[in-house]
Each structure stands twice: as structure tokens, then as C-alpha cells.
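# What the coordinates show
Okay, here's what each chain looks like letter by letter:
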Amino acid sequence: MTAVADTCTDGRTLLDGGTSLGPAWDAAPAGPDPRLRVVGAALFAVTVVALHALPVLLPALGLAVAAAVAARLPARTTLRRLLAMDGFMVLALASLPFTVPGAPLTLAGVDLAPLSHAGTQQALVILVKANAVMLMTLALAGALGPVRLGRTLARLGAPDTLVHLLLFTVRYLDVLNREYRRLRTAMRARGFRAGANRHTWRSMGWLFGMLMVRSLERSERIAAAMRCRGFTGRFPALADGRPLTGRDRAMALAGAVAMMALAVADRLW
Amino acid sequence: MAHIPDGVLSMPVLAAGIAVSVAGCAYGLKRLHPDRIPQVGMLSAVFFVASLVHFPVGPSSVHLILNGLTGVALGWAAFPAILVALLLQAVLFGFGGLVVLGVNIMNMAVPAVLCGLAFRRVRRAFPGDTRVAVAAAGAAGAGGVLLTGLAVAASLALSGREFLTAAHLVVLTHLPVLVIEGAFTAAAVGLVLRVKPAVLDDPAPHSDEDEGEGAP
């Protein structure tokens, strides 16, 4: 039995040392305006989900790959995330060629009897859609980092309370992850080994119960400190930012044209 | 497991998810007094970290959903807290899609709020009885997972008959998580009740009177 992993590897970029929080507070982002990136990711997702034809989805996936390259997403991490797209995907898709009725799938003249052509086609469509949306989301919105994402949502009119909640969660993720690791190290020093048994589940429950208590005490101190500084329910500089430039508008137009083209091509197919 | 990616579900299911999530989050935010933001943000960070921990099961491992515990600790604020967690996971890690975010939030947050309300009701019926409260917490933890598994399965099954097999598999894979999460939640709540019971009381009465003052 493998030892319990401390966090899933994908958690690292957000949780380790807060590196992704570093420049996000005030550095001007490279590339198009953050608002365009977030809105663009959402519109791209809606467009792609509404498409039907595989030949139209492939250029959409190509656009997402181009965006990922332009955003300089780290290749290895991104590929791992694409491959790791929940076991869910495999479960849902593996059964489709068997459950969708239709003519049997033939591959290079060989009749693959229980697999239906329509089901295989549908599984491929879903796979391309999921990957295209995920790549574009990571490239446009994910590359902003969590803090800038929060500020961008505020500029786009998200409720202040929600944005504050997001920023607080992001702020303390790293702190709590480190506290969790410290407690886990202490448990390991006393000989604790995680297994599939009640003792493990109860011990981990106690660990996180303790983490809840400590973090609540910490949050009381934070709330008091914020009141001291005159917090009235919003951060004044939250929604500040530069206006759209001519270049931003041009990119927005290009993106809109590309998505319209995809939608029209899908109708005509 | 509860993160459905984009491209799978049908439009009516997606629309229903968005409607329920927007309404639930709006209500949760309306009830959330600005003074409680640090508390709720901190707890959602705890649950975020806890949901990344992998528990060994046979040759593989599972991670917890923790929506039962979120509901028990946060009540209606579980809705925006789960929104934040899923949004971060979708945008930064690529877990789950964007359009399907509404459905994913609904599938986790509705069970969370239901379990939280049921837990509070049990606590009010048996005031001061820690053993009943711990048992109720265990039931909330397991119930949150069960309801989420059923909701994910229903989202799939309602999107097309061809997903019925996948829907059955989804419910099956939630069963080990259900057992672990029940024990985990009971232990966590038991410890909190012993160390600092006030944490799990209903938020101070004044925060209900001036609800709606959230946005200045």
C-alpha cells in the first residue's frame, strides 16, 4: 500500500510557497486585458459546448492549443492535467461506444461489433470539447493567477462579498497547507501511517478538526485587525485597473470573429 | 469525482445547474455578514486543503468531497464557499469545466446546505448532547457524499440514456468515499465540539437581524 500523498500534485502550484501569488497584486499583466481574458474564456467555453461537428471542434481545439502556447503554459504540468482529467472522463466515455445504439464501428475494414460508430463519435466529440475548454480556460484565465483573477471578477461586477471570500480563501490556502503539513509531520514522528482503517480516518478527522479550531481563532484576530483599520465591507482598491487599449479591442474583435466562424461552420456542416 | 468536465451534459441540465447555483449563491451571500468573511474564507481554505488529501483504498486512493462538513460548519455560506473552491479548481487546475460549473456547484452545495440544516436541527433537538451531535455529523458527512453521488448520476442520466452505465459507476465509486468521509466528519466535529463548541453554533443572532446589509 502506498503512503498517503500529502497533497495532490496539482495542488502544488497554488499551495507551495505562494509563488503564484507573488507578482499578481500590482504587476501589469502581459497580453490582453484580464477582463477580456476571463470573458473570452467563458464565451469560448459556451461556444465550444454548443458545437456538434467533430471537424469544427478540431480547429477550436487548435485555437485553444495556440492560446496555451501564447500564454506560455508550462508544457509538462498542463499535459499532466489534461491526462489526469478526472477518472470521471474515462468512466463516462469508455461506456459510450457500447451504450449508444447505431451501426457497428469499422476500423480499416475490420468490424468491431459491440462498438457503435455513433457512440465512438460522441465520445470523441466530448473528449475534444473538454480538452479545448480546459486548455483555453487555463491559458486565458488560469494564467492570471488566483489573486488577479479575483480582482478581475470584481472589475467585471462580481459581488464584493464573493470576491473577498475568494481572496481570503486564496490568501490562507498556503498558510493552512503548511500548518497541515506540520501536523502531519508530527503525526509521522509518532509513527502514524495512513491506511484504509478507522484509526486513519479518525486521526485525520481530529487533525482537520484542530485545523478548523485554530483557523477560526486566527480569523477572529484577522477580523479584529481589519476592523481596527476601518474595514467596512470592501477593499477600496479592489476594482482599480487600466482601461481597455486599442490592441485589447482588436484582440476582442478577432476572438469574437473566430467564435462566430466556428458557430457558423457548425451550422453549415 | 464530482467534477464533471465540459461537453458531457445536455443544455437543459446545464441551465438548471446555473439557475440553482446563482440563486443559492445569491442567498448565501446575502446572509453572509461582512464581519464573517475572514471566518468563512478561512474555513473554505481548510476544506480546500482537506479535499486534496488522498486516502488509501486498496491499491488506489480517494479524496474527500467534504461538502457535508462544509454545510455543518458554514450553513448557507457553503454555497459561495463551494463556488469559490470549484471556480479556483476549474480555472487554475482544470478540474471540471466552465459551463458545467453551475451543475458542479449545485451537485455539491445543495447536499451541503441540506446536511448543514439537518445537523443544526438535530443539535437544537438534543442540546448539549455531544454523542448525538457527533453521530449527526457522521451522518451529515456520509449523507453529503451520497447525495452528491446521486446528483452527479442524475445529471448524467438526465443528459442522455447512453450515460446510464456511467451514472451507475459514479454511484459505486462514491461508496468508499462515503464511509471514509462519515468517520472523518464525525471525528472532526467531535474534536471541535470538545475544544471550541461555539464554532458550530448558529451565527450570532444579530447577524440574522441585519442580514442584507452586506453590500454598502
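To be clear, the structure that these remarks concern was listed above.
Residues numbered from 1 in each chain as written. Chains lettered and ligands numbered in written order. Predicted model: local features only at pLDDT ≥ 70, side-chain atom pairs only at ≥ 80, totals over all residues. Heavy atoms only, no water.

Attention now goes to the overall build of chain B. Check the secondary structure of chain B and you find 8 helices and 2 strands. The order of helices and strands in chain B, counted from the N terminus, is α-α-β-β-α-α-α-α-α-α. Radius of gyration (C-alpha) of chain B: 17 Å, near the 17 Å computed for a compact globule of 216 residues. Dimensions of chain B, computed from the C-alpha atoms along their principal axes, are close to 50 × 45 × 30 Å. Here chain B holds 216 residues, and the buried ones make up 64% of them. Of the roughly 7,500 Å² that chain B leaves accessible, carbon and sulfur atoms contribute 68%. (Helix = DSSP H or I, 4+ residues; strand = E, 2+ residues; numbered from the N terminus. Rg over C-alpha atoms; globule rule 2.2 N^0.38 Å. Buried < 20%, exposed > 50% of the residue type's maximum accessible area, 1.4 Å probe, protein only. Areas by Shrake-Rupley, 256 points an atom, 1.4 Å probe, with all protein chains shown as cover.)

With that settled, the discussion passes to the overall build of chain A. Looking only at helices and strands, chain A has 11 helices and 2 strands in total. Order of helices (α) and strands (β) in chain A, N terminus to C terminus: α-α-α-α-α-α-β-β-α-α-α-α-α. Here chain A, with 269 residues, has 48% of them falling under the buried criterion. The contacts of chain A with a sequence gap of at least 6 include a subset with a gap of at least 24, amounting to 74%. Accessible area of chain A: about 13,400 Å², with a carbon and sulfur share of 65%. (Contact = heavy atoms within 4.5 Å.)

If you walk through the whole model with that rule in mind, you get 9 salt bridges over all chains. One salt bridge connects R182 of chain A with E179 of chain A, and the closest N-O pair in it is separated by 3.9 Å. With a gap of 3 residues between them, R182 of chain A and E179 of chain A both fall in helix α9 (residues 160–189), about one helical turn apart. Under the relative-accessibility criterion, E179 of chain A is labelled buried at 8%. Of the charged contacts, one joins D35 of chain B and R227 of chain A as a salt bridge, the two residues approaching to 3.9 Å between their closest N and O atoms. With D35 of chain B in the loop between α1 (11–31) and α2 (37–51) and R227 of chain A in helix α10 (residues 198–228), this residue pair bridges two chains. Bridged by salt links that share partners, the residues E179, R182, R214 and R218 of chain A form one connected network. (Salt bridge = Lys/Arg side-chain N within 4 Å of Asp/Glu carboxyl O.)

Residues and elements named next belong to chain A. Buried within helix α4 (residues 75–84) we find T77, T78, R81 and L82. Down the axis of α4, the buried set is contained in an arc of 135 degrees. They therefore lie on one face. For α4, the exposed residues set more than 90 degrees away from the buried face come down to A75, R76, L79 and L83. (Arc of directions from axis to C-beta.)

Moving on to unusual backbone geometry. The phi dihedral of R72 of chain A falls on the positive side, at around 50 degrees, and the residue is not glycine. Topologically, R72 of chain A is positioned in the loop between α3 (54–70) and α4. Residue R72 of chain A is classed as exposed on the basis of its relative accessible area of 72%. At L66 of chain B, a position not held by glycine, the phi torsion is positive, near 65 degrees. Turning to its location among the elements, L66 of chain B is positioned in the loop between β2 (60–63) and α3 (67–74). For L66 of chain B, a relative accessible area of 0% gives the class buried.

Residue and element names in this part refer to chain B. Here helix α4 (residues 78–93) is 16 residues long and its end C-alpha atoms lie 21 Å apart, about the 22 Å a rise of 1.5 Å per residue gives. The buried fraction of α4 amounts to 16 of the 16 residues, a majority that puts the element mostly inside the structure. Directly beyond the C-terminal end of α4, a positive phi value near 75 degrees is found at G94. (Expected span 1.5 Å × (residues − 1).)

So, about the interface of chain A and chain B. Facing 85 residues of chain A, the contacting portion of chain B comprises 72 residues. Carbon and sulfur atoms make up 81% of the area that chain A and chain B hide from each other, which totals about 6,700 Å². The tally of links from chain A across to chain B stands at 3 salt bridges. Linking chain A with chain B are 3 residue pairs in polar contact (both at pLDDT 80 or more), by the criterion used here. Mapped onto the side of chain A that touches chain B, the elements with two or more residues apiece are α1 (12–15), α2 (34–50), α5 (87–94), α6 (96–99), α7 (117–140), α8 (146–155), α9 and α10 of chain A. With 22 residues, α10 of chain A is the largest single contributor of residues to the side of chain A that touches chain B. In terms of residue class, the side of chain A that touches chain B is built from 53 nonpolar, 21 polar and 11 charged. (Buried area = accessible area lost by both parts, 1.4 Å probe. Polar contact = N/O pair within 3.5 Å; in protein donor to acceptor, adjacent residues only side chain to side chain. Nonpolar A, V, L, I, M, F, W, Y, C, P; charged D, E, K, R; others polar.)

With that settled, the discussion passes to the packing of aromatic side chains. Aromatic ring pairs are defined here through the distance separating the ring centres and the angle between the ring planes. Under the definition given, this model contains 8 aromatic pairs over all chains. Relative to F184 of chain B, the ring of F55 of chain B has its centre 6.1 Å away and its plane inclined at 90 degrees; by these criteria the two rings are edge-to-face. Of this pair, F55 of chain B sits in strand β1 (residues 54–57) while F184 of chain B sits in helix α7 (residues 164–195), and the two are 129 residues apart along the sequence. Pair check on accessibility: F55 of chain B and F184 of chain B agree, each one buried. Summarising the aromatic geometry, the rings of W76 of chain B and F79 of chain B are spaced 6.4 Å apart at their centres and angled 10 degrees between planes, so their arrangement reads as stacked. Here a set of aromatic residues connected by ring pairs shows up, and it is made of Y180 and F208 of chain A together with F55 and F184 of chain B. The ring of Y172 of chain A is capped by R171 of chain A, whose NZ or CZ atom sits 4.6 Å from the centre of that ring. (Phe/Tyr/Trp six-rings, centres within 6.5 Å; stacked < 30°, edge-to-face > 60°. Lys NZ or Arg CZ within 6 Å of the ring centre and 35° of its normal.)

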